[in-house]
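Observations on the three-dimensional arrangement
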Amino acid sequence: MSMIKLEEDVSLVLCGEAGQGIQSVENIMVQALKMGGYHVFSTKEYMSRVRGGQNSTQIRASSKRVKAYRDRIDILVALSKGAIPHLEKRITENTLILGDDEVLQDLEEKYYNILKAPFISKAKKLGGLIFSNVIAAGALSCIMGVDKEIFDELITLLFASKGEKILENDLKAGVEGYDIGKKILDSGRISVKIEKNQATGKEILINGTQAVGLGCISGGCKFISAYPMTPSSPLQVFMAENASEFEMVFEQAEDEIAALNMALGASYAGARAMTATSGSGFALMQEGVGLAGMIETPVVIYIAQRPGPAVGLPTRTAQEDLNLALYSGPGEFPRIIFAPGNFKDALELSHKAFNLAEKYQIPVFILSDQYMADIYYNLPSLDIEKLEVEDYLFETDSDYKRYLFTPDGISPRGIPGYGQGLVCVDSDEHDEEGHITEDLNLRTSMVDKRLKKMDKIRKEAVPGEFFSTSNSSSYKTLIMGWGSTYWPLKEALLEMDNDNLALLHLKQLYPLSSQAGELIKKAKKSVMFENNAQGQMAQLIQKETDLKIDHKVLKYNGMPFSVEEILAVLETLEEE
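Thresholds, definitions, all that
- Residues numbered from 1 in each chain as written.
- Predicted model: local features only at pLDDT ≥ 70, side-chain atom pairs only at ≥ 80, totals over all residues.
- Heavy atoms only, no water.
- Helix = DSSP H or I, 4+ residues; strand = E, 2+ residues; numbered from the N terminus.
- Buried < 20%, exposed > 50% of the residue type's maximum accessible area, 1.4 Å probe, protein only.
- Contact = heavy atoms within 4.5 Å.
- Core = buried A, V, L, I, M, F, W, Y, C linked by side-chain atoms within 4.5 Å.
- Lys, Arg positive; Asp, Glu negative; His and termini not counted.
- Salt bridge = Lys/Arg side-chain N within 4 Å of Asp/Glu carboxyl O.
- Polar contact = N/O pair within 3.5 Å; in protein donor to acceptor, adjacent residues only side chain to side chain.
- Axes fitted to C-alpha atoms, helices over the stretch in contact; angles between N-to-C directions.
- Parallel < 35°, antiparallel > 145°, perpendicular 65-115°, else oblique.
- Left-handed = near helix turned anticlockwise from the far one by under 90°.
- Nonpolar A, V, L, I, M, F, W, Y, C, P; charged D, E, K, R; others polar.
- pLDDT = per-residue confidence, 0-100.
- Pairing = 2+ DSSP bridges.
- Phe/Tyr/Trp six-rings, centres within 6.5 Å; stacked < 30°, edge-to-face > 60°.
- Lys NZ or Arg CZ within 6 Å of the ring centre and 35° of its normal.

Attention now goes to the environment of Val 569. Note that Val 569 resides in helix 20 (residues 563-575). Accessibility expressed as a relative area gives 24% for Val 569, which makes it partly exposed. Taking C-alpha positions, Val 569 is 8.2 Å from Val 553, a pair spaced 16 residues apart along the chain. With near-sequence residues (within four places) excluded, Val 569 lies in contact with Phe 529 and Val 553.

See below:
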């Protein structure tokens, strides 16, 4: 076998059974590589089970910033026999496969580029299979040129709390891993020459969940109630972990409808409030969404999407809940839907969600998904200095009317105890004071009042990000996407470097900024990438603008778009 030379960008993939600690390897590796001077990105795919099955994680290390999933595998660490069949479609002759004899014994070397590495056998000698993850991480760190001192420091940080004996064995596992890595390099089968930048060691390393969480905290969130559900649970954990420091209350509710109703109760009392869930959990919340619309009480709803219907694929990714959020709740009332695609937008849009919920007294949705929630990458910083918490509370007087008719439909919002007025709300249709009514003319006026807010909401709609490699508005094909498709689409366009192509990535899905229609009209051809089966955003664009998207590229197998998939589609379109 000829030597594999890796320069500028390397894709490392580890695969094994649930319970073998694949995610622990990811946690170690992304930090070790960043501290070692590389830009890093990681994503994982895992089955919904505690033991068995096949889980994998991809870690990219590069001399330049990398933030997107790719199919390419340069080095594959196989920790189970099922790893190779699981990743078969992504393995090429340029993939170096590392693993034990028992894992690789059935593979023919004429079809696979394999190199025996005793991860499992060494782990057994240390006391158990669980140490194979640290041994693998040590071997990869050695291959990538990460100083052993950095690796040991991370191991100590991660495992010291588990006790002296376990930490001692994990440090020994690191030694074994570095020894294996040195032998792999000495074999002459692989060469890694990627320029390092020690400044990356000082950058922050976060995931999509944490970026959203920071936006919620900076937006003034004081109350979050939720029921655990993958992949929204990590946000719940993040908010709970930071509740004390930022004077927030976290409440794990008994179910989803209770979670949303608790958030509405907190909001009625004056606390900026939110709930977090996934698609099938949100389905249970829809009565509460209608309540928010009727009593005009602000709330932020975070939906981390996964494939449905029902439980679907609990640990995979999708963009299938746009329609669910758009049409949730009985009746007609305003709402806003955001879908961040990068960490900067995740911070800023989540922050903005709280301000707009308070300003317009409506539910505001933040749509994420498993892929977006779980990816890690490094970045210099996230600027929160310019993010302000806007106060829209009104000190009531004795003749206060909660639902006072106003020219823009926005009534002054009071809360109990702030002023002299009675803050009366009711889930039935009501008059200006909040008392139940069956006056049909008043009913019509109240519906009009609530919907009138949409005029200002539309004018304030956040435009999408327009990007072209030529920095020009002259293009033939407009590529579009929303949410987590951002980085795969952008990396593909940068790689193609074609002046005929431009990208519009939508940040606010509803109501839609007028920018979308204007840019679509300029294009000879429009293409929408979505992780659902019907092209829900393309349908919404047509509904909002009366413009039909020419091509819909839809993927709904539970995996995100890879850069290679997007490149293949764009190259085909260019040939048409």
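Among the nonpolar cores identified, the biggest contains 110 residues, and Met 239, Met 274, Leu 506 and Met 537 are the most heavily contacted of them. In terms of residues, this core owes the most to one element, helix 14 (residues 343-360), which gives nine residues. Other than its neighbours up to four places away in sequence, Met 537 contacts Leu 322, Trp 482, Leu 506, Leu 509, Leu 512, Met 528 and Glu 530. Judged by nonpolar contacts, the second largest core, of 52 residues, contains Ile 4, Val 77, Leu 79 and Leu 167.

This part takes up the side chain of Arg 272. Inspection of the secondary structure puts Arg 272 in the loop between helix 10 (256-268) and strand 12 (273-277). Here Arg 272 is buried and forms no salt bridge, its nearest opposite-charge partner Glu 358 lying at an N-O distance of 4.3 Å. Within the local environment of Arg 272, its side chain forms a polar contact with the backbone oxygen of Gly 219, the two atoms lying 2.8 Å apart. Side chain to side chain, Arg 272 and Asn 355 meet in a polar contact 2.9 Å long.

Before going further, it helps to spend a moment on the packing of helix 5 (residues 132-143) against helix 6 (residues 148-159). Put simply, helix 5 and helix 6 touch, their axes get as near as 11 Å, and they point 155° apart. The pairing of helix 5 with helix 6 is recorded here as roughly antiparallel in orientation. Considering the relative orientation of helix 5 and helix 6, their crossing is right-handed. When helix 5 is examined against helix 6, the residues Val 134, Ala 137, Gly 138 and Ser 141 are found in contact with a partner set consisting of Phe 151, Ile 155 and Phe 159. Classifying every residue of the contact of helix 5 with helix 6 gives five nonpolar, two polar and no charged.

A few words on the confidence of the model for the protein chain. Of the residues in the protein chain, 99% have a pLDDT of 70 or more, and the chain-wide mean is 95. Averaged pLDDT values over the elements of the protein chain bottom out at 89 in strand 1 (residues 4-7) and peak at 99 in strand 14 (residues 336-338).

Further remarks concern the pairing of strand 3 (residues 39-45). Among the seven residues in strand 3, seven count as buried, and that is most of the element. Burial along strand 3 is two-sided: the residues His 39, Phe 41, Thr 43 and Glu 45 and Val 40, Ser 42 and Lys 44 are all buried. When strand 3 meets strand 4 (residues 52-62), the two strands line up antiparallel, connected through seven bridges. The partner of His 39 across the bridge, within strand 4, is Ser 62.

Strand order in the open sheet formed by seven strands is 11-10-12-13-15-14-20, and the pairing between neighbours is mixed. At either end of the open sheet lies a strand with only one pairing partner, and these are strand 11 (249-252) and strand 20 (508-510). Each strand axis lies, on average, 20° off the axis of its neighbour in the sheet, ignoring direction. Pairing of strand 14 with strand 20, which is carried by two bridges, proceeds in the antiparallel orientation. Across the sheet, the residue bridging to Phe 338 is Gln 508, located in strand 20.

This part takes up the sheet that holds strand 17 (residues 465-467). In spatial order, the strands read 17-19-18-21-22; together these five strands make up an open sheet with mixed pairing. Both outer strands of the open sheet, strand 17 and strand 22 (551-554), are each paired with one neighbouring strand and no more. Shown here is a sheet whose adjacent strand axes are inclined to one another by a mean of 20°, direction ignored. In terms of strand pairing, strand 21 (residues 525-530) meets strand 22 through four bridges, oriented parallel. In the sheet register, Val 527 faces strand 22, and the bridge partner there is His 551.

Next up on the list: the side chain of Asn 207. Mapped onto the fold, Asn 207 is located in strand 9 (residues 204-207). Engagement of the side chain of Asn 207 in a polar contact is seen with the backbone nitrogen of Gln 210, the distance being 2.8 Å. A polar contact of 3.3 Å, which involves the side chain of Asn 207, links it to the side chain of Tyr 376. Discounting chain neighbours no more than four positions away, the residues touching Asn 207 are Phe 343, Ala 373, Asp 374, Ile 375 and Tyr 376.

Further remarks concern the packing of aromatic side chains. Under the criterion given, the structure shown has eight aromatic pairs. Ring geometry for Phe 394 versus Tyr 400: centroids 6.0 Å apart, planes at 25°, classification stacked. Both rings, one in Phe 529 and one in Phe 561, keep their centres 5.5 Å apart while their planes meet at 80°; by these two values the pair is edge-to-face. In this pair, Phe 529 is assigned in strand 21 and Phe 561 in the loop between strand 22 and helix 20, connecting sequence segments 32 residues apart. There is no split in this pair, since Phe 529 and Phe 561 are both buried. An aromatic cluster is defined as three or more aromatic residues linked by ring pairs; in this entry it consists of Phe 343, Tyr 377, Tyr 486 and Trp 487. Sitting above the plane of the Phe 333 ring, Arg 335 keeps its charged end 4.5 Å from the centroid. A cation over a ring is seen here: Lys 490 above Phe 467, with NZ or CZ 4.9 Å from the ring centre.

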